[in-house]
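# Chain and residue survey
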Amino acid sequence: MRYGGRLAAGVALVAMVCGLGVAALAQGTYPSKPITLVTHSSVGAGGDIFLRNLAKHLEGIVPVPIVVENRRGGASATAVTYVATSPPDGYVLYGSTPTMLQTPMLTRTQHTYLDLQPVVNVFFDPMILYVKADSPWKTLPDIVNAARAKPGQIRFGAATPGSVEHMIAHQIQKVAKVSVQPVTFEGGGDLLLAVLGGHVDLGVGEYAEVAAQVEARQVRVVASFTKDRLPRTTIPTATEQGVPIVVTKFRGLLGPKGMDPQAVAYWERVVKQVLEKPAYKQYYESVYLLPGYMDHKQYRAYLDMMNQTLRRYLKEIGVLK
Amino acid sequence: MLDRFVLGAQLAFQPVALLMMLFGVAWGIVGGALPGISGSIAMALLLPLTFGMNPAVALMMLAGVYIGAMYGGSITAILIRTPGTPGAAATVIDGYELHRRGLSGKALGVSLVTGTVGGLASVVILVAFAVPLSKVALAFGPPEYFALGVFGLALISSFVGRDLLKGAISALLGLIVATAGTDPFSGTPRFVFGGTDLLTGVEVAAGMIGLFAVSEIFYQIAEGGAWETIKGRFTTALPTWAELVRLRVAMLVGIVMGTIEGLLPGGGGAIAAFISYNEAKRWSKHPEEFGRGSLEGVAAPETANNVVTGTALIPLLTFGIPGSNSAAIMLAAMMLHGIAPGPQLFERSPQLVYGLFVGLVIANLMMLGLGLLALRPAIAVVNVRPPLLFAAILALVLVGAYSISNRMFEVWVVLLMGLVGYGMRRFGFNVLAMVLGLVLGFLVEVNLRRSLLISLGNPWVFFTRPISLVLLVFALITLLWPIVRRAREGHTVRRAAATA
């Protein structure tokens, strides 16, 4: 990917050298050279697709090329360190996911999110609970009752401990005072297959992962863990069903600590603008992302809150002392 | 049905589609041949190009890359003992032996033709049986994956020859390396030595490059360099019809195994290639040639890994779940265009689906043509003096290792694994068994633990489920087969001696 990125950057550089006059004119104002968005995801994974689409739709709004760079490794530690040690001039930004909060809790990393400047949040990924279409359970109370009748025997599929999915499984047990058997899977796709194949009883995941199966009536969504009902659906929230849990994944941008306030303000402005762009709107609605604009102050408060929630949960499940 | 193919063909035969596929296949062959750049990475590098394309053309181009990479991976497996992609790991065994006997051209030709046969067969399977086969994918739960992994591990008994103990130790070494990283069930770091580099584990590709390629270089240098250049004209002849007929069993085995692995998410060709290699040996009329330069030993894994290119699309198109890393990139390309794969896709975008089907056939034929062109230069490139060759290979694999995650860590892994591999060969341990352990370690561990969670701790779950039971019985047979055969051979020899 980086080669692709480099290539694009190279082409852009050549273009800029050719138009020297224009470049000179643009100097001093932000942005005046290509911007790099860094993700720890591999190409094609959620975090990568988010940045690539954002970059694509910012064309025409941001006058310079936007390049996506994948810095994998260290479960986000490599990418966070790379951004934290980049010059804070607003030309290197990090596409965030909850992973960046979780990794420094589990192991010693050089940098944490506190070494980054929150810039702007873009989306929330709604989380949902789903069962196979022929499951007898139609509502969240059905599941809670079943779990009460057979403690520790409902097979509850979720992602690895530390993930938002796993945290939801934990919170359900805590809030509804039941016990289930969590079964972890590496990816949402693997979990979906296990639910469809009847190997586990239910799963927690992102709505986009199961949308096609919902439409094909192979899977039934029982609850969403959002504040309000998901737009264009009739799925009741968990809170409505008496299990007050609201957890969403977030996708936004962070820069190096001490990032130029002008650049921060610039990104707040363009993200707001791009979220209104009809073509982008059509895209993110089709993959069930909820617009979640937050300015840098709100975003910092939100990240602190998420960080505390995650830490408390990791302590409760005994991963953290 | 037919009108849909006409619709698809109209799309696939557009000049721009043909051009993009040709580019994709060529890029795939080159990428596949570069160690560290697997099919999925080669595809990922092209992903940004697909933004402006018609989604069907984008998918055709990416499929072309995937197909080309499978052949590309065998080029380095045969010529420099380095599988360019994990799917070509099993090809190393006999392909490299053929190269050392000066039969590089033959080995590459067999790889190319059987790969094309496998690729075309997989398109037929994909078109005809996508929906029924997707049920097979659902039948595979954690216990079945575990049993499949055990089946794979049982292959060591046929790879290691007489010294089963050293073979078992080698495989164990691979399994140990595979446990480093984040514990998949507790989320806590495991054998990461306090840093962050190992949090995501040891990359299988890095381990493989080190154990195969770098250890071979160290070995050749230490042993005085037995690597000779091929004198005179090297044969580049494609396999004759008679030879192909002789390879039919090996190809059939590859088609069956490749189909199964393609259906199962998380595979990617390496397991199918290893199992087909072993099964082809079992059913062969000349099992004694395996390991010493058997054409069947190249044909079976190379058929299998090309079959995966088509069948990995079955779970992708029917469930929206990719059957391999490469299929995951195709999923990403679809998502980038706002297309949701899944049960409705066939009805909603028949042009896209059938265009892709026709495109797969074209791309496979393009691979055959481009592969033929690449054959002679590829051999010529490695036909230089050993010191030059070693330097070039080392440079190539280290760059490849760096490109896996764009960091130095994998370079150190490759060098360390090279030393480990050299030491192992020096003292009679088996590098191949270690690679097998490394490839299968995560699959086996995760699914063992997950099965026990699902069964609420009941270990009989592996024996009460039919598919899992059958696979475990296969594993047992595979483990004992070479031992029984050796005992029987010993017995006949003794009897012959007694009657004489």
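Above this text you will find the structure in question.
The present account deals with the structure reproduced in this document.

Reading guide: rules and limits
Residues numbered from 1 in each chain as written. Chains lettered and ligands numbered in written order. Predicted model: local features only at pLDDT ≥ 70, side-chain atom pairs only at ≥ 80, totals over all residues. Heavy atoms only, no water. Helix = DSSP H or I, 4+ residues; strand = E, 2+ residues; numbered from the N terminus. Rg over C-alpha atoms; globule rule 2.2 N^0.38 Å. Buried < 20%, exposed > 50% of the residue type's maximum accessible area, 1.4 Å probe, protein only. Areas by Shrake-Rupley, 256 points an atom, 1.4 Å probe, with all protein chains shown as cover. Lys, Arg positive; Asp, Glu negative; His and termini not counted. Charge placed at Lys NZ, Arg CZ, Asp CG, Glu CD. Contact = heavy atoms within 4.5 Å. Buried area = accessible area lost by both parts, 1.4 Å probe. Salt bridge = Lys/Arg side-chain N within 4 Å of Asp/Glu carboxyl O. Polar contact = N/O pair within 3.5 Å; in protein donor to acceptor, adjacent residues only side chain to side chain. Nonpolar A, V, L, I, M, F, W, Y, C, P; charged D, E, K, R; others polar. 1 Å grid on protein atoms, 1.4 Å probe; cavity = no way out; pocket = protein on both sides within 12 Å on 5 of 7 lines; lining within 4 Å. Points joined across faces, edges and corners; volume = space filled by probe spheres on them. Pairing = 2+ DSSP bridges. Core = buried A, V, L, I, M, F, W, Y, C linked by side-chain atoms within 4.5 Å. Phe/Tyr/Trp six-rings, centres within 6.5 Å; stacked < 30°, edge-to-face > 60°. Expected span 1.5 Å × (residues − 1). Bend = angle between axes of the 7 residues up to and from the residue. Patch = residues over 30% accessible without salt bridge, like charges linked within 9 Å, V, L, I, M, F, W, Y side chains within 5 Å.

Scanning chain A from terminus to terminus reveals 12 helices and 10 strands. Its C-alpha atoms give chain A a radius of gyration of 21 Å, within 12% of the compact-globule value 20 Å for 321 residues. Projected onto the principal axes, the alpha-carbon positions of chain A cover approximately 75 × 45 × 30 Å. Here chain A holds 321 residues, and 58% of them are scored as buried. Counting only carbon and sulfur atoms, one obtains 55% of the accessible surface of chain A, whose full area is about 13000 Å². Treating the 33 positive side-chain charges of chain A as one cloud and the 24 negative ones as another, the clouds have centres 3 Å apart.

Let us look at the overall build of chain B. Counting its regular elements, chain B contains 23 helices and two strands. Relative to a compact globule of 500 residues, whose C-alpha radius of gyration would be 23 Å, chain B shows 22 Å and is just as compact. Along the longest, intermediate and shortest principal axes, the C-alpha atoms of chain B span 70 × 65 × 55 Å. Split into buried and exposed, the 500 residues of chain B put 60% on the buried side. Within chain B, residue pairs in contact and separated by at least 24 positions form 78% of the contacts whose partners lie at least 6 positions apart. Summed over its atoms, the accessible surface of chain B is roughly 18900 Å², and 71% of this surface lies on carbon and sulfur atoms.

Contact with chain B, which involves 50 residues of that partner, is made by 48 residues of chain A. For the pair chain B and chain A, the summed buried surface comes to about 4100 Å²; carbon and sulfur atoms form 61% of the total. Counting across the chain B and chain A interface gives one salt bridge. Between R348 of chain B and E215 of chain A there is a salt bridge; the shortest N-O distance is 2.2 Å. Viewed at the interface, chain A and chain B are joined by nine residue pairs in polar contact (both at pLDDT 80 or more). Counting only elements with at least two residues in the side of chain B that touches chain A, the list comes to α3 (39-46), α6 (104-139), α15 (313-319), α16 (325-336), α19 (386-405) and α21 (431-454) of chain B. Residues of the side of chain B that touches chain A, tallied by class, amount to 29 nonpolar, 15 polar and six charged.

Another point: empty space enclosed by the protein. All names here are of chain B. Scanning all chains against the criterion turns up seven cavities of 30 Å³ or more. Reported here for the largest cavity is a volume of approximately 80 Å³. What lines the largest cavity is S158, N278, K281, R282, T478, W481, P482 and R485. If you list the elements that add at least two residues to the lining of the largest cavity, you get α13 (270-283) and α23 (466-499). Here the lining of the largest cavity is built from residues that sort into two nonpolar, three polar and three charged.

Quick look at unusual backbone geometry now. A cis geometry characterises the amide bond from Y30 of chain A onward to P31 of chain A, with omega recorded as -5°. Residue position: P31 of chain A is located in the loop between α2 (20-26) and β1 (35-39). Despite not being glycine, R81 of chain B has its phi angle at roughly 60°, a positive value. Assessed through its relative accessible area of 13%, R81 of chain B is described here as buried.

Let's shift gears to the pairing of strand β2 (residues 66-70) of chain A. Residues and elements named next belong to chain A. Here β2 lies mainly inside the structure; five of its five residues are buried. Going residue by residue along β2, you find I66, V68 and N70 tucked away on one face and V67 and E69 tucked away on the opposite face as well. Of the pairings in the sheet, the one linking β1 to β2 comprises five bridges and is parallel in character. Pairing of I35 across the sheet is with I66, part of β2.

Structurally, the position occupied by Q10 of chain B is in helix α1 (residues 2-12). Separated by 479 residues in sequence, Q10 of chain B and E489 of chain B have C-alpha atoms that sit 60 Å apart.

Before going further, it helps to spend a moment on the nonpolar core. The biggest cluster of nonpolar side chains holds 195 residues, and the ones touching the most others in it are W267 of chain A together with L79 and M330 of chain B. Among the elements that make up this core, the one with the highest residue count is helix α4 (residues 55-80) of chain B (18 residues). W267 of chain A has contacts with Y30, I35, L37, L58, I66, G90, L93, V119, V120, L253 and M259 of chain A, leaving out every residue within four places of it along the chain. In terms of nonpolar packing, the next biggest core, distinct from the first, is built from 78 residues, Y113, V210, F225 and V319 of chain A among them.

This next bit is on the packing of aromatic side chains. Residue and element names in this part refer to chain A. Per the counting criterion, the structure on display carries 21 aromatic pairs over all chains. Consider the rings of F50 and F123, whose centres lie 5.9 Å apart with planes at 75°: the pair is edge-to-face. Here F50, found in helix α3 (residues 46-58), pairs with F123, found in strand β4 (residues 116-132); they are 73 residues apart in sequence, far enough to count as distant. Assigned by exposure class, F50 and F123 land together as buried. With centroids separated by 5.5 Å and ring planes inclined at 85°, the aromatic side chains of F250 and Y302 adopt a geometry described as edge-to-face. Taken together, the residues F250 in strand β9 (residues 248-256) and Y302 in helix α12 (residues 296-316) connect sequence positions 52 residues apart. The exposure classification of F250 matches that of Y302, with both residues buried.

Attention now goes to the side chain of E445 of chain B. Position of E445 of chain B among the secondary structure elements: in helix α21. Excluding anything up to four places from it in sequence, E445 of chain B contacts T179, P184 and R190 of chain B.

Moving on to the pattern of salt bridges. Applying the stated criterion to the full structure yields 23 salt bridges over all chains. A salt bridge links E165 of chain A to K249 of chain A; its shortest N-O distance comes to 3.0 Å. With E165 of chain A in helix α7 (residues 164-176) and K249 of chain A in strand β9, the pair connects residues that are 84 residues apart, well separated along the chain. The pair E165 of chain A / K249 of chain A is uniform in exposure class, with both members buried. R190 of chain B is paired through a salt bridge with D183 of chain B; the nearest N and O atoms lie 3.4 Å apart. The exposure class of D183 of chain B is buried, given its relative accessible area of 9%.

Turning next to α6 of chain B. Its 36 residues place the ends of α6 of chain B only 41 Å apart at the C-alpha level, less than the 52 Å of an ideal helix rising 1.5 Å per residue. The largest bend in α6 of chain B comes to about 85°, at F129 of chain B, with the proline P132 of chain B one to four residues further on.

The subject of this paragraph is a nonpolar patch on the surface. All names here are of chain B. A grouping of W460, F463, L469, V470, V473, F474, I477 and W481 is seen on the molecular surface, where their side chains present a nonpolar patch of about 770 Å² in accessible area. Considering every element that reaches the nonpolar patch, the biggest residue donor is α23, with six residues. Examined against the element boundaries, I477 turns out to sit in helix α23. Residue I477 is classed as partly exposed on the basis of its relative accessible area of 38%.

The next subject is helix α2 (residues 15-33) of chain B. Taking 1.5 Å of rise per residue, 19 residues should cover 27 Å, and α2 of chain B covers 27 Å from first to last C-alpha, within 8% of that figure. When α2 of chain B is considered as a whole, its buried residues turn out to be A17, M21, G24, V25, G28, I29, G31, G32 and A33 of chain B.

This next bit is on the layout of surface pockets. All names here are of chain B. Approximately 990 Å³ is the volume attributed to the second largest pocket. When contributions to the lining of the second largest pocket are tallied by element, the ones reaching two or more residues are α5 (91-100), α8 (156-159), α9 (164-179), α13, α21 and α23. Top element by residues in the lining of the second largest pocket is α5. It accounts for five residues. The class makeup of the residues in the lining of the second largest pocket is 13 nonpolar, seven polar and 13 charged.

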